[in-house]
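What follows is each chain in one-letter form.
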Amino acid sequence: MLFLNLHKKLRDMSLSKTELSRYSKHIKLSEIGIKGQEKLKASKVLVIGAGDLGCQVLQYLTASGVGIIGILDCDTIEQSNLQSQILFTQADIDKTKAKTAALKLKEKNPNVNFRVANTNLSKDNILNLINEFDIIVDCTINLPNRYLINDACILKNKPLVYAEIQQFNGQVSVFNYENGPSYRCLYSETPSTISNCANTGLLCVLPGIVGTLQANEVIKIILGIGEILSGKLLSLNALNYEFSIIKFDKTEASNITTLGDYKCETIQHNLPKSITANQLAEILQSDTKINILDVREYFEWDICHIEGATNIPMNLIDECVDEISKEIPTVIVCHHGVRSMNVIHYLEVKGYTKLINLEGGIHAWATLVDTKMDTY
């Protein structure tokens, strides 16, 4: 048995008097009501990863009244986790994340049943692990695992709620919802190498913002309400509250028939992942060979742009990818730095390793370097 069932006796799907009181805020909403709350109680959701994102998702799914929540994580709690994984405390250090999370969450809502798996995810066990659950939530930080989880969900026809966080940026989407687009429709190729993001840092409140959005998508899917982020990638920047949504279609990359190999190596190079506007200005004044790619829309480019840059709007990157050099370092520019991060992520899985994000985008350039530049 892969999952440890901490609470063996399962209740029926009707709401008890205590549950009617606990979930009264939901029940008062016409879009949810008693029937909707019973749907939540009848649902089974697996959260893979009880770290930064998982701690947030698990708390809201528990509060919402999801009937059975699976928690899969093989890690133990470390001191460095406590700043952003706010479900845990100092006393929890060296304990296993999955079981510790389940015990704490059970205290928050005794009406929820938890199933715990303190195991590594692999192609040999994932199909069995996800089989009994209705919805899978990817809260991992491991890129190969994202492809593994995505492909397993396709094979088992499970909707997948995805999120990713780094520094001040986050993104959320829903894959394989009602046979919709998958992770591979965004990033079709499993990279042979990836950039090391372990030391890039993370704003401690970002998992709370993005994890809450993930939990919201899970609840909407269960209840069948609202617009699901299927075929849409929501990106946000916590510094300036710039939100963007790009749409993408289902492609042949979703035609998965078997699980493959999911390995990658870490790139070691001296290029920074991002630079400031002032740093870019210094580079341009030197003899350093560098390209600047502006991924804003054409009308934005017409308002203002950095001299010498090239303009390829984000939604045309795939069509024009051959125009982007893999050999010369390229600074990616957008309005505030959100779209550019998405483009970098997309290009990295296609083998690009010399990409640098302009922090704050063209707005920072106009504010700090070219103060006569038009802004919008």
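As a reminder, the structure under discussion sits directly above these lines.
**Q** Tell me about helix α4 (residues 52–64), and name the residues and values.
**A** Here α4 is 13 residues long and its end C-alpha atoms lie 19 Å apart, about the 18 Å a rise of 1.5 Å per residue gives. For α4, the tally of buried residues reaches eleven of 13 residues, placing the bulk of the element in the interior. For α4, the full list of buried residues reads Asp-52, Leu-53, Gly-54, Cys-55, Gln-56, Val-57, Leu-58, Gln-59, Leu-61, Thr-62 and Ser-64. Just past α4, the residue Gly-65 takes up positive phi, approximately 100 degrees.

**Q** Break down a nonpolar patch on the surface for me, citing the residues and quoting the values.
**A** On the surface, a cluster of nonpolar side chains totalling about 280 Å² of accessible area is made up of Phe-299, Ile-303 and Tyr-376. Structurally, the position occupied by Phe-299 is in helix α11 (residues 298–303). By relative accessible area, which is 54% here, Phe-299 ends up exposed.

**Q** Run through the pattern of salt bridges, naming residues and quoting values.
**A** Enumeration over the complete set of coordinates arrives at 13 salt bridges. Across the pair Lys-95 and Asp-92 runs a salt bridge whose closest N-O atoms are separated by 3.6 Å. Two residues, Glu-348 and Lys-273, come together in a salt bridge whose shortest N-O distance is 2.4 Å. One end of the pair, Glu-348, is in helix α12 (residues 338–348); the other, Lys-273, is in the loop between β11 (265–267) and β12 (274–275), and 75 residues separate them in sequence. You can call Lys-273 partly exposed: its relative accessible area is 25%. Among the ionic contacts, a cluster of salt bridges with common partners joins Asp-92, Lys-95 and Lys-104.

**Q** Please set out the side chain of Lys-158 residue by residue, giving values where relevant.
**A** Checked against the element boundaries, Lys-158 lands in the loop between α7 (143–156) and β6 (160–166). Lacking a salt bridge, the buried Lys-158 has Asp-134 as its closest oppositely charged neighbour, with an N-O distance of 5.7 Å. For Lys-158, the side chain forms a polar contact with the main-chain oxygen of Phe-133, separated by 2.6 Å. Every residue in contact with Lys-158, bar those within four places of it in the chain, is listed here: Ile-130, Asn-131, Phe-133, Asp-134, Ile-136, Cys-153, Phe-175 and Asn-176.

**Q** Can you lay out the state of the cysteines for me, pointing to particular residues and giving the numbers?
**A** For the structure on display, the rule yields zero disulfides. Here Cys-334 stays free of any disulfide, with the sulfur of Cys-304 as its closest cysteine sulfur at 12 Å. For Cys-334, a relative accessible area of 0% corresponds to the buried category.

**Q** Summarise the sheet that holds strand β13 (residues 291–294); cite the residues concerned and give the values.
**A** The sheet built from five strands is open, its strands ordered β12-β16-β15-β13-β14 with parallel pairing. Edge positions in the open sheet fall to β12 and β14 (310–311), since each of these has one partner strand only. As paired elements, β13 and β14 share two bridges and run parallel to each other. Looking across to β14, one finds that Leu-293 is bridged to Thr-310. Across the sheet, α12 is in contact with β15 (330–333) and β16 (355–358); its angle to β16 comes to roughly 170 degrees.

Conventions and cut-offs
Residues numbered from 1 in each chain as written. Predicted model: local features only at pLDDT ≥ 70, side-chain atom pairs only at ≥ 80, totals over all residues. Heavy atoms only, no water. Helix = DSSP H or I, 4+ residues; strand = E, 2+ residues; numbered from the N terminus. Expected span 1.5 Å × (residues − 1). Buried < 20%, exposed > 50% of the residue type's maximum accessible area, 1.4 Å probe, protein only. Patch = residues over 30% accessible without salt bridge, like charges linked within 9 Å, V, L, I, M, F, W, Y side chains within 5 Å. Areas by Shrake-Rupley, 256 points an atom, 1.4 Å probe, with all protein chains shown as cover. Salt bridge = Lys/Arg side-chain N within 4 Å of Asp/Glu carboxyl O. Lys, Arg positive; Asp, Glu negative; His and termini not counted. Polar contact = N/O pair within 3.5 Å; in protein donor to acceptor, adjacent residues only side chain to side chain. Contact = heavy atoms within 4.5 Å. Disulfide = S-S within 2.5 Å. Pairing = 2+ DSSP bridges. Axes fitted to C-alpha atoms, helices over the stretch in contact; angles between N-to-C directions.

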